[in-house]
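Results of the structural survey
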Amino acid sequence: MEYKYDLSIIICLFNEKESLPELYDWIRRSLEGRNYELIFVDDGSTDGSWDCILSFARENPDVRGIRFRRNYGKSAALYEGFRTAKGKVVVTMDADLQDSPEEIPELYRMITEEGWDLVSGWKQHRKDNKLTKNLPSKLYNATARKVTGLKLHDMNCGLKAYKNEVVKAIEVYGDMHRYIPYLAKNAGYTRITEMPVHHQKRKYGKSKFGLDRFVHGFLDLMSLWFLGKFSKKPMHFFGATGLLTFLAGGIMALWIIIRKLIYQAQGLSFRHITNQPLFYLSLVMVVIGCMFFCTGFICEMVSRNSTRRNEYNIKERL
């Protein structure tokens, strides 16, 4: 496939006016002589960041700009950037000067020469606050490695490189930008690795992400895990869960009834079935099992009527 550029560099930003001129000059110095395009995605900035992008575009025809009417979030910005990218290799980085453009040539080499589908940056020595950033990040990444099976130390690093076909094959939405490597893996791109990168302290402004991102991130991870395993066969999850719950409740209820009949036949004292809390617990489990089973049927009907039910990521055809 023919590509217009060797490199597409996507920079998502929100109120980063102070850092943009310095970042732009830094990229130009680091990539001098290379064939690349710069795609700035302004996620609803209100500080004049768009004016900076317009000035870059006036002096450089290979600068693209996308401006949202309001703040939609990083995933939306990346999605639009991916749609626009025309380079053989796509690199994403943040606009806060914490990612170094000098890492880009090596990322490009790993994609083009070593054949990786995706290379994720790894901030080995973070310059963030240890209590609010480093420790939660370590816990988050440990959980992500366990669930996704990807041995990446820093899955949420903004500095990443991809083959162009990878970014065209995945859909980033909500807050799923944290799990792009997992999205790529689910799309069939399994050659994923990481590269240690240099990390700088934020020079201007403050972080746009709070501690709530860890709660949201965990919930998004569970959603992706479920969709990756059961999106085309939801009955396998809901049906199996419902069947096990129904059987457990039914066996408990049957055991209580049989024990009562045996005690009654032998003339022994016994508790009435309706006086036993375990009996009501078994009834609840039976009802919940039926609900799970019905949910599975509904999900199967929704899936069967989906226009994307038989969409698959085909590597090649003869």
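Residues numbered from 1 in each chain as written. Predicted model: local features only at pLDDT ≥ 70, side-chain atom pairs only at ≥ 80, totals over all residues. Heavy atoms only, no water.

**Remarks on the pairing of strand β4 (residues 87-94)**
- Burial of β4 is extensive: seven of the eight residues sit out of reach of the surface.
- Of the strand pairs in this sheet, β4 and strand β6 (residues 160-163) are connected by four bridges, and their pairing is antiparallel. The residue bridging V89 from the neighbouring strand is K163, located in β6. (Buried < 20%, exposed > 50% of the residue type's maximum accessible area, 1.4 Å probe, protein only. Helix = DSSP H or I, 4+ residues; strand = E, 2+ residues; numbered from the N terminus. Pairing = 2+ DSSP bridges.)

**Comments concerning the pattern of salt bridges**
- A complete count under the given rule lists nine salt bridges for this structure.
- Taken together, the shared-partner salt bridges connect E106, R109, E113 and E114 into one network. (Salt bridge = Lys/Arg side-chain N within 4 Å of Asp/Glu carboxyl O.)

**Focus on the pairing of strand β7 (residues 192-197)**
- Of all six residues making up β7, five are buried, and the element is well covered by its neighbours.
- By the bridge criterion, six bridges tie strand β5 (residues 118-123) to β7 in an arrangement that is parallel. Across the sheet, G121 pairs through a bridge with M195, a residue of β7.

**Thoughts on the packing of aromatic side chains**
- Inspection of the entire model under this criterion finds eight aromatic pairs.
- Measuring from centroid to centroid gives 5.3 Å for F68 and Y72, while their planes differ by 90°, and the two rings are edge-to-face.
- Feature note: the residues Y24, F40 and F56 constitute an aromatic cluster, connected by ring pairs.
- One cation-aromatic arrangement involves R191 over W116; the distance from NZ or CZ to the ring centre is 4.4 Å. (Phe/Tyr/Trp six-rings, centres within 6.5 Å; stacked < 30°, edge-to-face > 60°. Lys NZ or Arg CZ within 6 Å of the ring centre and 35° of its normal.)

**Overview of the nonpolar core**
- Formed by 35 residues in total, the largest nonpolar core has its most connected members in I9, I11, I27, L38 and F40.
- Ignoring anything within four residues of it in the chain, the contact list for I27 reads I9, I11, Y36, L38, M93 and P101.
- One finds F82, V90, Y140 and I192 within the second-largest nonpolar core, a separate group that totals 33 residues. (Core = buried A, V, L, I, M, F, W, Y, C linked by side-chain atoms within 4.5 Å. Contact = heavy atoms within 4.5 Å.)

**Let's talk about the packing of helix α9 (residues 234-265) against helix α10 (residues 277-304)**
- Between α9 and α10, the least distance of the axes is 7 Å, while the angle of their chain directions is 160°. Judged by the angle between their axes, α9 and α10 are roughly antiparallel. For the crossing formed where α9 meets α10, the hand is left-handed.
- Broken down by class, the residue content of the contact of α9 with α10 amounts to 21 nonpolar, ten polar and one charged. (Axes fitted to C-alpha atoms, helices over the stretch in contact; angles between N-to-C directions. Parallel < 35°, antiparallel > 145°, perpendicular 65-115°, else oblique. Left-handed = near helix turned anticlockwise from the far one by under 90°. Nonpolar A, V, L, I, M, F, W, Y, C, P; charged D, E, K, R; others polar.)

**Some details on empty space enclosed by the protein**
- For the structure shown, the criterion picks out one cavity of 30 Å³ or more.
- Considering only enclosed or pocket space, the largest cavity measures out at about 60 Å³ in volume.
- Taken together, K74, L78, T92, N156, C157, G158, K160, Y162, H177 and I180 make up the full set of residues lining the largest cavity.
- Partitioning the lining of the largest cavity into residue classes produces four nonpolar, four polar and two charged. (1 Å grid on protein atoms, 1.4 Å probe; cavity = no way out; pocket = protein on both sides within 12 Å on 5 of 7 lines; lining within 4 Å. Points joined across faces, edges and corners; volume = space filled by probe spheres on them.)

**Thoughts on helix α4 (residues 104-112)**
- Taken together, the buried positions of α4 are I104, L107, Y108, M110 and I111. Looking straight down α4, one finds that the buried residues subtend no more than 160° of arc, so they occupy a single side. (Arc of directions from axis to C-beta.)

**So, the packing of helix α1 (residues 20-30) against helix α2 (residues 49-59)**
- At their nearest, the axes of α1 and α2 sit 10 Å apart, and the two run at 30° to each other. Here α1 lies roughly parallel to α2, going by the angle between them. Handedness of the α1/α2 crossing: right-handed. On α2, the residues touching L20, P21, Y24 and R28 of α1 are S49, C52, I53, F56 and E59.
- Among the residues forming the contact of α1 with α2, the class breakdown is six nonpolar, one polar and two charged.

**Let's talk about the sheet that holds β5**
- With mixed pairing, seven strands are arranged side by side in an open sheet as β3-β2-β1-β4-β6-β5-β7. Unpaired on one side and paired on the other, β3 (63-67) and β7 mark the two borders of the sheet. On average, adjacent strands in this sheet sit at an angle of 20° to one another, irrespective of strand direction.
- Of the strands in this sheet, β1 (5-13), β4, β5, β6 and β7 are in contact with α4, which crosses β4 at around 140°.

**Overview of the environment of I273**
- Among the structural elements, I273 can be located in the loop between α9 and α10.
- Assessed through its relative accessible area of 18%, I273 is described here as buried.
- A sequence separation of 17 residues divides I273 from I256, and the C-alpha atoms of the two residues are 7.0 Å apart.
- Setting aside anything within four residues of it in sequence, one finds I273 in contact with I256, I257, K260 and F279.

**Structural notes on a nonpolar patch on the surface**
- A surface patch of nonpolar side chains, about 560 Å² in accessible area, is lined by L243, F246, L247, I251, F293 and F297.
- In terms of residue count, the dominant contributor to the nonpolar patch is α9 (four residues).
- Residue position: F297 is located in helix α10.
- Using a relative accessible area of 46% as the deciding quantity, one classes F297 as partly exposed. (Patch = residues over 30% accessible without salt bridge, like charges linked within 9 Å, V, L, I, M, F, W, Y side chains within 5 Å. Areas by Shrake-Rupley, 256 points an atom, 1.4 Å probe, with all protein chains shown as cover.)

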